[in-house]
Amino acid sequence: MDSRNGSVSETPLDAEIGSFFDSAPPLKDCDGIAKKLKDFIEFNSPPPGKGSPTGVVCVTSGGTTVPLEQCCVRYIDNFSSGHRGATSTEYFIKAGYAVIFLYRRGTFQPYCRSLPEDSLLECFECSDDSAIQVRQPYTEAVKRAISDHHAAVAGGHLLKIPFTTIFEYLQILRSIAMSMRDLGSHAVYYLAAAVSDFYVPWKSMAEHKIQSASGPLDMRLVQVPKMLSALKKAWAPMAFCISFKLETDSKILLEKAEMALKKHRMHMVVANELSTRKEEVTVVTGNEKILVCRDKTQSDSDVEEPLIELIVGRHSAYVKDSDL
Ligand code: PAZ
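Residues numbered from 1 in each chain as written. Predicted model: local features only at pLDDT ≥ 70, side-chain atom pairs only at ≥ 80, totals over all residues. Heavy atoms only, no water.

Notes on helix α1 (residues 12–23)
Relative to the 16 Å expected for twelve residues at 1.5 Å per residue, α1 spans 17 Å between its end C-alpha atoms, a close match to the ideal helical length. Those residues of α1 lying buried are D14, I17, F20, F21 and S23. Taken together, the buried residues of α1 touch α6 (166–180), β9 (198–199) and α7 (227–235). (Helix = DSSP H or I, 4+ residues; strand = E, 2+ residues; numbered from the N terminus. Expected span 1.5 Å × (residues − 1). Buried < 20%, exposed > 50% of the residue type's maximum accessible area, 1.4 Å probe, protein only. Contact = heavy atoms within 4.5 Å.)

Topic: unusual backbone geometry
The backbone of Y111 shows a phi angle near 70°, a positive value even though the residue is not glycine. With respect to the secondary-structure elements, Y111 resides in the loop between β4 (98–104) and α4 (119–123). Its identity is not glycine, yet S130 carries a phi of approximately 65°, on the positive side. Since its relative accessible area comes to 56%, S130 is described here as exposed.

A few points about the environment of G85
Structurally, G85 can be placed in helix α3 (residues 83–94). Of the residues examined, G85 reaches a relative accessible area of 2% and is grouped as buried. Residues G85 and S61 lie 24 residues apart in sequence; the distance between their C-alpha atoms is 4.7 Å.

As for the pattern of salt bridges
All told, the structure shown has 14 salt bridges when counted by the stated rule. Taking the shortest distance from any N to any O, the salt bridge between R104 and D77 comes out at 2.9 Å. Highlighted residues: R104 in strand β4 and D77 in strand β3 (residues 75–77), separated in sequence by 27 residues. Among the residues examined, D77 registers a relative accessible area of 40% and is labelled partly exposed. Between D302 and R113 there is a salt bridge; the shortest N-O distance is 2.5 Å. With D302 in the loop between β14 (289–293) and α9 (304–323) and R113 in the loop between β4 and α4, the pair connects residues that are 189 residues apart, well separated along the chain. Look at the salt bridges and you will find they share partners, linking E90, R113 and D302 into a network. (Salt bridge = Lys/Arg side-chain N within 4 Å of Asp/Glu carboxyl O.)

Concerning the UniProt feature "domain: DNA/pantothenate metabolism flavoprotein C-terminal" (unreviewed entry) in the chain
Residues annotated by UniProt as "domain: DNA/pantothenate metabolism flavoprotein C-terminal" (unreviewed entry) correspond here to residues 180–298. A distance of 37 Å separates the end C-alpha atoms of residues 180–298, which is 21% helix and 28% strand. (UniProt positions renumbered as here; feature names shortened; annotations may be inferred.)

Quick word on the environment of S196
Looking at the secondary structure, you find S196 in the loop between β8 (187–191) and β9. Exposure remark for S196: the relative accessible area of 4% places this residue in the buried category. When the C-alpha positions of S196 and F79 are compared, they lie 9.7 Å apart, and in sequence the two are 117 residues distant. Other than its neighbours up to four places away in sequence, S196 contacts T64, T65, V66, N78, I166 and V224. Among the polar contacts listed, one links the side chain of S196 to the side chain of T64, at a separation of 2.6 Å. (Polar contact = N/O pair within 3.5 Å; in protein donor to acceptor, adjacent residues only side chain to side chain.)

Looking at the sheet that holds β8
With mixed pairing, eight strands are arranged side by side in an open sheet as β7-β4-β1-β8-β11-β12-β13-β14. A strand with exactly one partner marks an edge of an open sheet, and here the two such strands are β7 (158–163) and β14. When the angles between neighbouring strand axes are averaged without regard to direction, this sheet yields 20°. Of the pairings in the sheet, the one linking strand β12 (residues 268–273) to strand β13 (residues 280–284) comprises three bridges and is antiparallel in character. Looking at the pairing, A271 lines up with T282 of β13. Each of β1 (56–61), β4, β7 and β8 is contacted by α6, which is oriented at about 160° to β8, the strand it contacts most. (Pairing = 2+ DSSP bridges. Axes fitted to C-alpha atoms, helices over the stretch in contact; angles between N-to-C directions.)

Here's what the structure looks like:
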C-alpha cells in the first residue's frame, strides 16, 4: 500500500501478493504457529526500559516445493540441503541471538553436523537388557549435539518451524514478520532458503494425480510475487535483511547479486556458486564485495563461521545507527 498524501493506493505488486495469499490453501495450525511465535518473541524482547537484547534472527533453510496436484503426488523442488541454514543458526545462537529456524521438513538440522546421516540407526544400539545406548565412536558427538540442542530450545533461543510447499513457506514467513515487527532494527532476516520462482495457482491446479494416458503434460506456471520487496517495504521495514543468490554460472553471479541488492533493497546479498558454496561466498553490500572463505588449514572449519561474524558486526553497527 502507498500512503503518500494520505491516499492509500494498491500497487501491482500489492495486488499480486494479495492474490497469492487469498488463493493459497489455508495454512494448517495457523493459530498454533502464531501462538508459538508470539511467546518466543515476547520471551526474547527486553522488558521496557531494560535495553535491548542482541536480536532475533529469522533463518530460512531448505528448498520450497511447488505442488502440481492438490492431492499431491508430483511436485517441482528447489535444491538446498539445509546445511547453510542449520550451521548458520548455531553461530547466530552462539553470538547471543535468538533464532526462528524456518526449515524444509527433512533437511539438515542445527547441532547435527557431527552426526552421521542416518544417526538414529548408526549411533545407537540395544544392549542385552534392551536398554538403548550410544555406540562408542559416537558418544561424545551425540552428547554434544543433545546438550547444545536442548540448551538452545529449553533456553528459549531456538524455535523451529517446518514447511514443505511454497504456500506454507510464504504464509509462515509473513506470520513471522508480523510477530517480529516491534523488534525494529533488532530483527534480522537471513534468507538462505531456495525459494521457487514459479508456481501453479491452487485454483488452477488439478485436484487428483495427473494421468499420463492423456499425453504430454501442458501446464502453466505463474511467477511467484517478489516477496523480498514486500518484506523490506511493508512487512519489516526496519529489519536488517540478508538474502542469498545462488548461480551455477560464475560469470553472472555477482551481477545478479548486485541486481537483487538494489531491486529488493537488501542490506546484504550473499552470492554463492553451487559447486563452491561450502568453501567461499561473496557478500555484496551497497559499496563492497567481500570474499568470505572457510579456513582451509582446519579440516572441520566452515564458511558460515566467518560469514556470521561479519553479519553480526554489520548488524550491530546498523542497530547503533538506528538508535541515534
Ligand atoms: O542448503 P545448502 O547448504 O545445500 O545450500 C545453500 C544454498 C546454496 C541453497 C544457499 O546458500 C542459497 O544460495 N540460497 C538461495 C538460493 C536462491 O538463489 O534461490
